[in-house]
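Topology and contacts: notes
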Amino acid sequence: MQDVPAPFGRAAVAWVEFDKDVIAWTGTGGTPSVYRSSDYSSRAFCPACDSSIGAIDDAPVVALLLGIFDKTNSADLIPAGHSYRSARPKWWHVEAVKPPT
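Residues numbered from 1 in each chain as written. Predicted model: local features only at pLDDT ≥ 70, side-chain atom pairs only at ≥ 80, totals over all residues. Heavy atoms only, no water.

1. Comments concerning unusual backbone geometry
Positive phi, normally seen in glycine, also occurs at Asp-50, with a value near 70°. Examined against the element boundaries, Asp-50 turns out to sit in the loop between strand 3 (41-45) and strand 4 (52-57). Residue Asp-50 is classed as partly exposed on the basis of its relative accessible area, which comes to 44%. (Helix = DSSP H or I, 4+ residues; strand = E, 2+ residues; numbered from the N terminus. Buried < 20%, exposed > 50% of the residue type's maximum accessible area, 1.4 Å probe, protein only.)

2. Describing the sheet that holds strand 2 (residues 33-36)
Taken in spatial order, the 5 strands of this open sheet run 1-5-4-3-2, and their pairing is antiparallel. Whereas interior strands pair on both sides, the edge strands pair on one side only; in this sheet they are strand 1 (15-19) and strand 2. Direction aside, the axes of adjacent strands within the sheet are offset by 25° on average. Sheet analysis places strand 3 next to strand 4, joined by 5 bridges and oriented antiparallel. Along strand 4, the bridge assignment pairs Ser-42 with Ile-56. (Pairing = 2+ DSSP bridges. Axes fitted to C-alpha atoms, helices over the stretch in contact; angles between N-to-C directions.)

This is the structure:
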């Protein structure tokens, strides 16, 4: 079995999806390392420290973990929707709400 870093260690993960054409890998690590995790997607990791970065799908979508951004309060990162809402615990309220300016 290949030794692959575990992608997450939490109950929920915040992803932000972008079109592949608007992504530029500007960090010191450069282009991420990838591990083919399914028929349609690869997990992306920092090549220097193996930190999870997100997923690079075969479709023109890159899903990046919210925690990799320096400015997580950016208006560009406000959620427009949520996945798997029906599977969440009933006490977990997830709403796509624009914060006050």
